[in-house]
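The lines below spell out each chain.
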Amino acid sequence: MTKFPNYARAFASHAKPFVIKKRMKKVATLELLTRVYLTKSKELIGGTTQFESSNNQYLSLDQYFKSNHNHAANNVHIVWKMNRVSAVRIIRKIFSRPYFISEGSEVALERYIFLDGPKSLPYQLPLTEFANVWLAQGQGYRMIALEPLEKCERNCSQISILLSPSDVLYYNWQVYRPRSMPVRFSNNLSITFMGSFY
C-alpha cells in the first residue's frame, strides 16, 4: 500500500492491520541513531524510562552507543523505552508520525525502539498506552506475527508480516497480539520503532 487517505473510514473501526511500504522520510540506521545520541545524550538519557539489554556489555544507553557496535552477527536484544518530552521530541525527527494518523488523534508520549541482532530470539511486543499501534522499521528486517485474541479467532487469522526498511505496520492490540521474530536471510541489526495513538 503506498497511499492511504481514508484510514479512519476503511480500517480504524474494524482494527484491520495494514502495511504501508517505503513511507518513512529517512531510514533510521544505527549510524544515524548513534550520531543523534552523541549530540543529544543528556536529553535522551533524561527521557529514557527503560533500557534492557540481553548483552552484559550494554547495560546503559551510554555503553551501547559509545561501543564499536561489533555485534551484527550476535543475538543482542535491546528495549529502549522513552516517555518524556525531552527524548520523544528528538526521536520523532527520525521516526515521524505516519500520515494516516489524523491531526485530531492523540498520540501517546510513550515510545519504544527495539534493536535486534539477526540471531536474537523471538519475543512478544509490549502493550502500549493506546491500542492503536504503529511499527516503523528502520534498518534491517524483522518478521512480525500478529496472533488473534481468542475473542477474534473465528473472524481473524494469524498474519505474518515482513517489515523492510522504511515500512510502517498498523495493528490494534485489542484484536491481535504481536510477536517479533528474526528473519533467516538477514545478517544485519534490526531497528524497529513503536508508538501508539487513540
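Just above sits the structure.
Residues numbered from 1 in each chain as written. Predicted model: local features only at pLDDT ≥ 70, side-chain atom pairs only at ≥ 80, totals over all residues. Heavy atoms only, no water.

### Overview of the overall build of the protein chain
Tallying secondary structure elements over the protein chain gives four helices and 11 strands in all. For a compact globule of 198 residues, the expected C-alpha radius of gyration is about 16 Å, and the protein chain comes in at 16 Å, within 12% of that figure. On the principal axes, the C-alpha backbone points of the protein chain span a range of 45 × 35 × 30 Å. Across the protein chain, every contact between residues at least 6 apart in sequence was considered, and the portion connecting residues at least 24 apart equals 76%. (Helix = DSSP H or I, 4+ residues; strand = E, 2+ residues; numbered from the N terminus. Rg over C-alpha atoms; globule rule 2.2 N^0.38 Å. Contact = heavy atoms within 4.5 Å.)

### Concerning the sheet that holds strand β7 (residues 142–148)
A sheet is described by the order of its strands in space; here four strands give the open sequence β5-β10-β7-β8, paired in antiparallel fashion. The sheet is open, and its two edges are formed by β5 (123–124) and β8 (159–163), each paired on a single side. (Pairing = 2+ DSSP bridges.)

### Structural notes on the nonpolar core
Inside soluble globular proteins, nonpolar side chains tend to come together where they are buried. In this structure, Tyr64, Trp80, Ile91, Phe95, Phe100, Ile113 and Tyr171 are the most contacted members of the largest nonpolar core, which totals 59 residues. With six residues, helix α2 (residues 30–46) is the largest single contributor of residues to this core. (Core = buried A, V, L, I, M, F, W, Y, C linked by side-chain atoms within 4.5 Å. Buried < 20%, exposed > 50% of the residue type's maximum accessible area, 1.4 Å probe, protein only.)

### Description of the pattern of salt bridges
For the coordinates displayed, the defined rule picks out four salt bridges. With its nearest N and O atoms 3.3 Å apart, the salt bridge here joins Asp62 to Lys66. We classify Lys66 as exposed; its relative accessible area is 56%. Asp116 is paired through a salt bridge with Arg142; the nearest N and O atoms lie 3.9 Å apart. Linking Asp116 in strand β4 (residues 111–116) with Arg142 in strand β7, this pair joins segments that are 26 residues apart in sequence. (Salt bridge = Lys/Arg side-chain N within 4 Å of Asp/Glu carboxyl O.)

### As for empty space enclosed by the protein
Summed over all chains, the structure comprises one cavity of 30 Å³ or more. One number sums up the size of the largest cavity: a volume of about 40 Å³. Class assignment for the residues of the lining of the largest cavity results in four nonpolar, four polar and two charged. (1 Å grid on protein atoms, 1.4 Å probe; cavity = no way out; pocket = protein on both sides within 12 Å on 5 of 7 lines; lining within 4 Å. Points joined across faces, edges and corners; volume = space filled by probe spheres on them. Nonpolar A, V, L, I, M, F, W, Y, C, P; charged D, E, K, R; others polar.)

### Here we look at α2
End to end, α2 covers just 20 Å across 17 residues, shorter than the expected 24 Å (1.5 Å per residue, more than 12% under). The axis of α2 is deflected most strongly, by about 95 degrees, at Lys40. Of the residues making up α2, those classed as buried are Leu30, Leu32, Leu33, Thr34, Val36, Tyr37 and Leu44. Packed against the buried residues of α2 are β2 (48–53), α3 (61–65), β3 (77–82), α4 (85–91), β4 and β11 (190–197). (Expected span 1.5 Å × (residues − 1). Bend = angle between axes of the 7 residues up to and from the residue.)

### Brief notes about the sheet that holds strand β9 (residues 168–172)
Read across the sheet, seven strands follow the order β1-β9-β6-β11-β4-β3-β2 without closing on themselves; strand pairing throughout is antiparallel. Edge positions in the sheet fall to β1 (18–20) and β2, since each has one partner strand and no second. When the angles between neighbouring strand axes are averaged without regard to direction, this sheet yields 15 degrees. Sheet topology places β3 next to β4; six bridges connect them, and they run antiparallel. Paired with Met82 across the strands is Arg111, a residue of β4. Sitting on the sheet, α2 touches β2, β3, β4 and β11, and the angle it makes with β2 is about 130 degrees. (Axes fitted to C-alpha atoms, helices over the stretch in contact; angles between N-to-C directions.)

Geometry only, nothing functional implied.
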